[in-house]
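In case you want the letters, here they are:
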Amino acid sequence: MATAEDPEKKAEIDQPLLERHKKPVCLIVLGMAGSGKTTFVQQLTGLLHMKKKAPYVINLDPACREVPYPVNIDIRDTVNYKEVMKQYSLGPNGGIVTSLNLFATKFDQVIKLIEKKSENTEIAIFDTPGQIEVFTWSASGSIISETLGALFPTVVVYVIDTVRSVSPVTFMSNMLYACSILYKLRLPFIIVMNKIDVVSHKFALEWMKDFEMFEEAVERDKSHHANLSRSLSLTLDEFYKDITTVGFSAVTGEGFEEFLAAVDAAVVEYETEYCPEHDRLLKLQAEARTKDKDRQKKKFQHDFDNDVQAQSVSSATSEILLRNRAIGGESSSDDEEHEGRPGDDDDEEDRVGQKSFHNFLEEQKKKQQSKSNKPS
Ligand SMILES: Nc1nc2c(ncn2[C@@H]2O[C@H](COP(=O)(O)OP(=O)(O)OP(=O)(O)O)[C@@H](O)[C@H]2O)c(=O)[nH]1
């Protein structure tokens, strides 16, 4: 597990990436309902404004009543969530999914607006709907995250309610969800343990670092999920090693600097791991496309050659037939003219028969004449 304070990670960062980058870093803020996403975005926006690094903020929650921060793009200006529910006869969750899908069809316009602002904006923040699955398991969520990941340094910020996570079972459920999102989106990932003004996140860091400590906590939990949590936590050990965790208070702003350091480290990860992998996949895709084209070309050539061969065989056959006819008949031109008509062969035989019979009679006649002309 890595924390934002890791000296090793800090040493990797030779200069602040937020300054080096021309393109804004996109932060996709995800988390369970009530984890504090909106308050986090509000606090982050305020603190960045104070640092004279005003972010570009995009609200992707079509169902929120109000947005408590200065927003640059609001999904609610494009899609009327209540109208969508009415028009398509949907419930609240279906309405949110459909609204986000409709918005995703115009996401190219969002990209253009972000690109326009890239000169003087270092961070773009995306606040997402409380129903996390609406974003993480929907087509629109994939379109939005993949498009951003392909064009800008993009980081997933997963907000966890630290107060609720003191229960090892809740903690485990949250971590499993985080893990599944990481493997689905495959973008650099930061876990923000929010609400540390109420409960310190140190217990969570210890559980992630030391499996035995987590096991002790599970022992104390008598719920029927405890056994499952114990075996799952062993599986999650690998996940903890690659993940950056930051404690934060969306109310007081505590943890802000550590969070910015974590974002810098995530951008390094984006450049060194995500981009090469992305390029490798694009290359593989291009290679597969070229191979497919070659295969189709070869198949076409093969089919074409077979056709030509078949044609030359059939024309050779007809030639042989014609020649036979020319040899058998007296007049090849006549034969060619009548070739192929039904009953032609019989007529020909009759004609040849009549001719030879006529010749035979003529010969007999001549013989008779020469006999009668001989003196007796
Ligand atoms: N003490 C404390 N309360 C917080 C903190 N962050 C959020 N809250 C409170 O937690 C509640 C939920 O916060 P929201 O920001 O609305 O959470 P959300 O994740 O955006 O909620 P949904 O949009 O419903 O998913 C609110 O009452 C906030 O005041 C924090 O860091 N400390």
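Within every chain, residues take consecutive numbers counted from 1 along the sequence as written. Restriction of local features to residues with pLDDT of at least 70 applies here, the model being predicted, together with a cutoff of 80 or more for giving and counting side-chain atom pairs; totals for whole chains, interfaces and linings are based on all residues.

(A) Quick peek at the pairing of strand β6 (residues 154-161). Field definition: a residue is buried when 20 or more other C-beta atoms are found within 10 Å of its C-beta, exposed when 12 or fewer are, and partly exposed for counts in between, with C-beta atoms placed from the backbone. In this text, helices come from DSSP runs of H or I with a minimum length of four residues, and strands from runs of E with a minimum of two, each type numbered from the N-terminal end. Most of β6 is tucked away: 8 of the 8 residues are buried. Residues Thr154, Val156, Tyr158 and Ile160 line one face of β6 and the alternating positions Val155, Val157, Val159 and Asp161 line the opposite face, and both faces are buried. Examined bridge by bridge, strand β2 (residues 25-31) and β6 share 6 bridges and lie parallel to one another. Note that in β6 the partner of Cys26 across the bridge is Thr154. Inspection of the sheet shows β6 paired to strand β7 (residues 189-194) by 6 bridges, in the parallel sense. Residue pairing in the sheet places Val156 in a bridge with Phe189 of β7. Think of it like this: strands point away, you trace from the first strand over the helix to the second, and a clockwise trace means the crossover is right-handed. Read from β6 through helix α10 (residues 168-185) to β7, the crossover connection turns out right-handed. Two strands pair if DSSP finds at least two bridges between them.

(B) Here's a closer look at the packing of helix α6 (residues 92-104) against helix α9 (residues 139-151). Axis definition: a line fit to C-alpha positions, over the contact stretch in the case of helices; interaxial angles, taken between N-to-C directions, run 0 to 180 degrees. At a minimum axis separation of 8 Å, α6 and α9 run at an interaxial angle of 35°. Crossing hand, α6 versus α9: left-handed. In contact with Leu100, Asn101, Phe103 and Ala104 of α6, α9 contributes Ala139, Ser140, Ile143 and Ile144. Polar here means any residue outside two lists: the nonpolar Ala, Val, Leu, Ile, Met, Phe, Trp, Tyr, Cys and Pro, and the charged Asp, Glu, Lys and Arg; Gly therefore counts as polar. Looking at the contact of α6 with α9, its residues break down into 6 nonpolar, 2 polar and no charged. What makes a crossing left-handed is the near helix being turned counterclockwise from the far one by less than a right angle; a clockwise turn instead makes it right-handed. Once C-beta atoms have been placed from the backbone, residue pairs whose C-beta atoms lie within 7 Å are recorded as contacts.

(C) How the structure looks around the nonpolar core. One nonpolar core equals one set of buried Ala, Val, Leu, Ile, Met, Phe, Trp, Tyr and Cys residues connected by C-beta atoms within 7 Å. Among the nonpolar cores identified, the biggest contains 73 residues, and Leu27, Val29, Val155, Val156, Val157, Tyr158 and Val192 are the most heavily contacted of them. Take this core: its biggest share by element is 10 residues, from helix α14 (residues 256-328). Among all residues touching Leu27, those that are not within four sequence positions of it are Ile123, Ile125, Phe126, Val155 and Val157.

(D) Broad picture of the UniProt feature "domain: AAA+ ATPase" (unreviewed entry) in the chain. UniProt positions are given in the numbering used here, feature names are shortened, and annotations may be inferred rather than shown by experiment. Mapped onto the present numbering, the UniProt feature "domain: AAA+ ATPase" (unreviewed entry) falls at residues 23-197. Between the C-alpha atoms that bound residues 23-197 there is a distance of 33 Å. The span itself is 48% helix and 18% strand.

(E) Expanded view of the site of the ligand. Residues are counted as near a molecule or strand when the C-beta atom, derived from backbone positions, lies within 6 Å of that molecule or strand. Of all residues adjacent to the ligand, which total 16 residues, the nearest are Gly36, Thr38, Thr39, Gly130 and Ala250. For the shell around the ligand, the class distribution of residues is 4 nonpolar, 9 polar and 3 charged.

(F) Representation of the confidence of the model for the chain. Confidence of the prediction at every residue is given by pLDDT, a number between 0 and 100. Looking at the chain as a whole, its pLDDT mean stands at 81, while 77% of the residues score no less than 70. Taken as a whole, residues 7-20 scores under 50 in pLDDT and shows 15 contacts with residues more than four places along the chain or in a different chain. Considering only residues more than four positions removed or in separate chains, one finds that residues 316-342, a stretch of pLDDT under 50, has 10 contacts. Two numbers describe this predicted complex: its pTM, 0.72, and its ipTM, 0.97.

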